[in-house]
Each structure stands twice: as structure tokens, then as C-alpha cells.
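# Tertiary structure, described
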Amino acid sequence: GEDRWLRLELKLLADVALVGFPNVGKSTLISRISAAKPKVADYPFTTLEPHLGVVRMEDGEEYVVADVPGLIEGAAEGRGLGHRFLRHIERARVLCVLLDVAPAAERSPADQLDVLLTELGAYQPDLLTRERVVVASRADLAQPGDGFSGDDLPADLRISAVTGEGIAALRGRLAAAVRAARAELPAPTQFVVHRAVQEGYTVSREGGGWVVEGREALRAVNLSDLTRRDALEETHRRLERLGVDRALARAGARPGDQVRIG
């Protein structure tokens with residue numbers, strides 16, 4: 001229904017997909033590098049749908065990161081939630097692969113990377129040609145000599161979303177990877193029509209419902225995961241503060257009417 005299409009639209013917006021086994025620290029990481037506040041808990045499949053976060057660099061550059069549900073071995077053949085998880089990765093331009101270097105990890109980082117890349121390639125081979133950043137996650141828990149913290153780690157960076165180690169470097173590395181991926185996109189072949197951005201908002205009829213247009217109304221709903229009740233409630237509060245409810249009522253809208261924003 002509506003939620004399914006919203007999730008599809010959100011998936012198309014992601015520049016970076018965080019890929020890793022369950023409990024590797026993806027949700028904690030996205031909460032550190034963006035304003036996203038996903039649910040975090042210590043059990044498999046805490047994340048069942050992607051959470052999106054916008055990373056804003058100091059120079060104003062922005063990119064969108066998706067906290068993708070954790071993969072398991074056999075996902076490409078449908079084990080666990082299989083293709084439901086993998087399909088969220090398809091449209092991301094950059095893959096950020098997180099390897100768990102905590103002593104409690106069931107596999108070595110090298111084995112984790114091998115399994116993850118095997119599952120991605122089995123599902124869609126061109127995923128292996130995407131821009132990729134491999135990260136040693138939960139580095140604060142790694143101990144010297146435990147085999148998870150040496151120089152032979154198959155990773156570009158070591159990070160800890162808890163202590164902040166390597167987070168700034170990761171933000172910069174991902175920004176560079178997104179720039180490189182965007183530069184490879186084919187030039188648009190269609191005509192582009194530029195229109196002045198409408199400030200504030202307007203309310204107008206659209207079929208049997210209503211449409212609200214304008215920058216402020218769009219800003220109130222854009223990049224929020226409206227499948228989450230708390231995010232949806234906050235969006236309603238923003239629209240109410242803008243006076244959208246009153247404007248709809250003045251235009252003749254009634255409770256139950258369909259209203260489209262964006």
C-alpha cells in the first residue's frame with residue numbers, strides 16, 4: 001500500500017548503503033554521522049526496514065546514508081529475510097561494508113567480508129563494481145593480539161561509533177566516494193525545465209483530494225521515515241506549526257480527504 005511505495009521512494013534516494021552482519025553497529029553509526037535516530041538493540045534484525053540519514057559536510061555538501069538490515073550467509077538464496085534485505089541495497093551508489101572486529105564476533109573480519117561480497121555478487125553481480133568503502137567497526141572493543149585488531153585487517157578505516165574514533169575520516173571518505181559515483185552517472189538526455197522555487201506553500205484541488213506545494217511544506221516531510229510513528233507525528237507537528245491544517249480547512253478540505261505533499 002502507501003507505506004510500500006514510500007519505502008520504495010526512500011530507497012531510491014540513498015547515496016550510501018551500510019552493509020554488514022546483524023549487530024555490527026550500522027544503526028549506531030548512522031545516528032553518529034547524521035540526525036537519524038534509529039532503534040538500537042542487541043539482538044539480530046533490530047532493523048527491519050532501512051533508516052535514512054542526511055550527512056552534511058562542513059562545506060555544505062550532502063549525501064544520504066541508508067542503514068540497511070543486516071545480511072546473513074545464504075541471503076541471496078532467500079535464507080532469513082533474504083531478498084527483502086538485499087533489495088534495499090540495489091539503488092545505492094556507494095556501499096559501506098562494516099566488519100565487526102569485536103572479540104564476540106562469530107567470524108573473523110576476512111571471513112565476514114568474503115561472505116558479504118559473495119551474497120552481494122550472487123544477488124546482483126554489478127553490486128561488486130560499485131564504489132566501496134570497507135570499515136572495521138566496533139574498534140573500541142578490539143584487543144591487541146586477539147586477531148581482530150592487526151594491520152592485516154581487510155579494511156580501509158577503523159571506527160567506533162561509541163567513542164567517535166575514525167568517524168570524521170569515514171564521513172570524508174564516503175563523501176569522496178559519493179562524488180566519484182555521481183561523476184560517473186550518464187548525462188541526462190531529456191530537457192530540463194527550471195522553475196522558480198516556491199517559498200512558503202499553497203493549497204489547491206487535485207482530483208478528489210488536495211495538493212500542498214512549496215519549499216516549506218516539502219521541507220517538513222522530506223527525508224523523514226514516515227513509516228515510523230514518531231517521525232510521522234513530528235511531521236504532523238511541523239505542518240501544523242506552518243498553518244497547513246488551517247489553510248486546508250479554509251480551502252474546503254474535510255477530515256478524511258486525501259492530501260498530497262511531495
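Residues numbered from 1 in each chain as written. Predicted model: local features only at pLDDT ≥ 70, side-chain atom pairs only at ≥ 80, totals over all residues. Heavy atoms only, no water.

## Things to note about the overall build of the protein chain
Worth spelling out the cut-off: Counting from the N terminus, the helices are the DSSP runs of H or I reaching at least four residues and the strands are the DSSP runs of E reaching at least two. Each residue is assigned to one of three classes by its accessible area relative to the maximum for its type, calculated with a 1.4 Å probe on protein chains only: buried under 20%, partly exposed between the two thresholds, exposed over 50%. Pairs of residues are marked as contacts when any of their non-hydrogen atoms sit within 4.5 Å. In these tables, accessible area is a Shrake-Rupley quantity obtained with a 1.4 Å probe, and a residue counts as shielded only by the protein chains included in the view.
Tallying secondary structure elements over the protein chain gives eight helices and nine strands in all. The buried share of the protein chain, taken over its 262 residues, is 43%. A separation of at least 24 residues holds for 60% of the contacts in the protein chain among residues at least 6 apart in sequence. Element-wise, carbon and sulfur atoms account for 50% of the exposed surface of the protein chain, whose accessible area totals about 14500 Å².

## Points about the pairing of strand β8 (residues 209-213)
Which entries qualify depends on this criterion: Any two strands with at least two DSSP-identified bridges between them are counted as paired.
The element β8 is largely enclosed, with a buried count of four among its five residues. Across five bridges, the pairing between strand β7 (residues 202-206) and β8 is antiparallel. Residue Arg205 lies in a different strand from β8, and its bridge partner there is Trp210. Two successive antiparallel strands, β7 and β8, enclose a turn made up of two residues, where Gly207 displays a positive phi of approximately 60 degrees.

## Considering helix α2 (residues 26-33)
For the record, the criterion: Note that the arc is computed from the directions linking the helix axis to the C-beta atoms.
By the burial criterion, the buried members of α2 are Lys26, Ser27, Leu29, Ile30 and Ile33. Buried residues of α2 fall within an arc of 160 degrees about the axis and therefore sit on the same side. Next to the buried residues of α2 lie β1 (16-19), β2 (51-56), β3 (62-67), β4 (94-100) and α5 (167-183).

## Here we look at unusual backbone geometry
Even without being glycine, Asn23 reaches a positive phi, approximately 65 degrees. Structurally, Asn23 is set in the loop between β1 and α2. Among the residues examined, Asn23 registers a relative accessible area of 28% and is labelled partly exposed. Notably, Arg138 is not glycine yet its phi reads approximately 60 degrees, a positive angle.

## Let's talk about α5
Put simply, the rule is: Expected helix span is taken as 1.5 Å per residue step, with the number of steps being one fewer than the number of residues.
With 17 residues, α5 ought to run about 24 Å at 1.5 Å a step, and its terminal C-alpha atoms sit 24 Å apart, in line with that. Residues Ile167, Leu170, Arg171, Leu174, Ala175, Ala177, Val178 and Ala181 constitute the buried set of α5. Buried positions in α5, seen along its axis, are confined to an arc of 165 degrees and lie on one side of it. For α5, the exposed residues set more than 90 degrees away from the buried face come down to Ala168 and Ala183.

## Thoughts on the sheet that holds β7
Counted only if it meets this: Simply put, an axis is a line fit to the C-alpha atoms, just over the touching stretch for a helix, and the angle between two N-to-C directions goes from 0 to 180 degrees.
Spatial ordering of the open sheet is given by β7-β8-β9, a layout of three strands whose pairing is mixed. Strand pairing shows two members of the sheet lacking a second neighbour, β7 and β9 (259-261), which therefore form its edges. With strand direction ignored, the average angle separating the axes of adjacent strands in the sheet is 25 degrees. Across the sheet, helix α8 (residues 244-251) touches β7, β8 and β9, and the angle it forms with β8 is around 135 degrees.

## Some points on the sheet that holds β1
On the basis of which strands lie adjacent, the open sheet formed by six strands has the order β2-β3-β1-β4-β5-β6 and mixed pairing. For this open sheet the edge positions go to β2 and β6 (157-158), each flanked by a neighbour on one side alone. Against the sheet, α2 contacts β1, β2, β3 and β4, and its axis sits at roughly 160 degrees relative to β3. Here α5 sits on the sheet and contacts β1, β2, β3, β4, β5 (131-137) and β6; the angle it forms with β5, its principal contact strand, is near 165 degrees.

## Looking at the nonpolar core
Put simply, the rule is: We define the nonpolar core as a collection of buried residues of types Ala, Val, Leu, Ile, Met, Phe, Trp, Tyr and Cys that are connected through side-chain atoms lying within 4.5 Å of one another.
If you look at the biggest cluster of nonpolar residues, it comprises 25 residues, and the most contacted ones within it are Val16, Leu29, Tyr63 and Leu170. Secondary-structure elements contributing two or more residues to this core are β1, α2, β3, β4, β5 and α5. Broken down by element, the residue count for this core peaks at seven residues, all from α5. Setting aside chain neighbours within four positions, we find Val16 in contact with Tyr63, Val64, Val65, Ala66, Ala92, Val94, Cys96, Leu174 and Val178. Core analysis: the next-biggest nonpolar cluster, separate from the first, contains 23 residues, Val19, Leu71, Leu86 and Leu95 among them.

## Concerning the environment of Leu95
By secondary structure assignment, the location of Leu95 is in strand β4. Sequence separation of Leu95 and Val65 is 30 residues, and the distance between their C-alpha atoms is 9.7 Å. Beyond its immediate chain neighbours, meaning those up to four positions away, Leu95 contacts Ala17, Val19, Ile89, Leu120, Leu127, Arg130, Glu131, Arg132 and Val133.

## Structural notes on the confidence of the model for the protein chain
Our working rule: Note: pLDDT gives the predictor's confidence per residue, expressed from 0 to 100.
Mean pLDDT over the protein chain stands at 80; residues scoring 70 or higher make up 77%. Residue range residues 1-12 is modelled with pLDDT below 50. Its contacts to residues more than four positions away, or to other chains, number 13 contacts. Ignoring residues within four places in sequence, the model shows residues 40-47, a span with pLDDT below 50, making 19 contacts including any to other chains.

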